[in-house]
Amino acid sequence: MNERIENAMKNARASLEIDGLYLTEAQIQLVRDRLKGKITEEEFLKKAYDMATNKDKK
């Protein structure tokens with residue numbers, strides 16, 4: 001499963017980079033955590049929102 005996740009992440013990153021969009025390591029880790037079931041969808045959405053609105057920075 002890890003190999004499938006990493007391949008999916010690689011493909012997604014490449015697609016985004018073609019459009020000039022780049023992910024931070026924190027964003028990448030957040031997606032990995034969700035795909036691996038380490039966090040719930042609700043937790044993922046909250047953390048993604050916090051990242052997008054800079055609420056994760058103190």
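Residues numbered from 1 in each chain as written. Predicted model: local features only at pLDDT ≥ 70, side-chain atom pairs only at ≥ 80, totals over all residues. Heavy atoms only, no water.

A. Expanded view of the pattern of salt bridges. Applying the stated criterion across every chain yields a total of three salt bridges. With a closest N to O distance of 2.8 Å, Arg32 and Glu6 form a salt bridge. Taken together, the positions of Arg32 in helix α2 (residues 25-35) and Glu6 in helix α1 (residues 2-18) put the pair 26 residues apart, joining distant regions of the chain. Accessibility expressed as a relative area gives 17% for Arg32, which makes it buried. The residue Glu41 makes a salt bridge to Arg34 at a minimum N-O spacing of 3.0 Å. For Glu41, a relative accessible area of 40% puts it in the partly exposed group. (Salt bridge = Lys/Arg side-chain N within 4 Å of Asp/Glu carboxyl O. Helix = DSSP H or I, 4+ residues; strand = E, 2+ residues; numbered from the N terminus. Buried < 20%, exposed > 50% of the residue type's maximum accessible area, 1.4 Å probe, protein only.)

B. Structural view of the environment of Ala26. Structurally, Ala26 is set in helix α2. Expressed as a C-alpha distance, the spacing of Ala26 and Asp50, which sit 24 residues apart in the sequence, is 12 Å.

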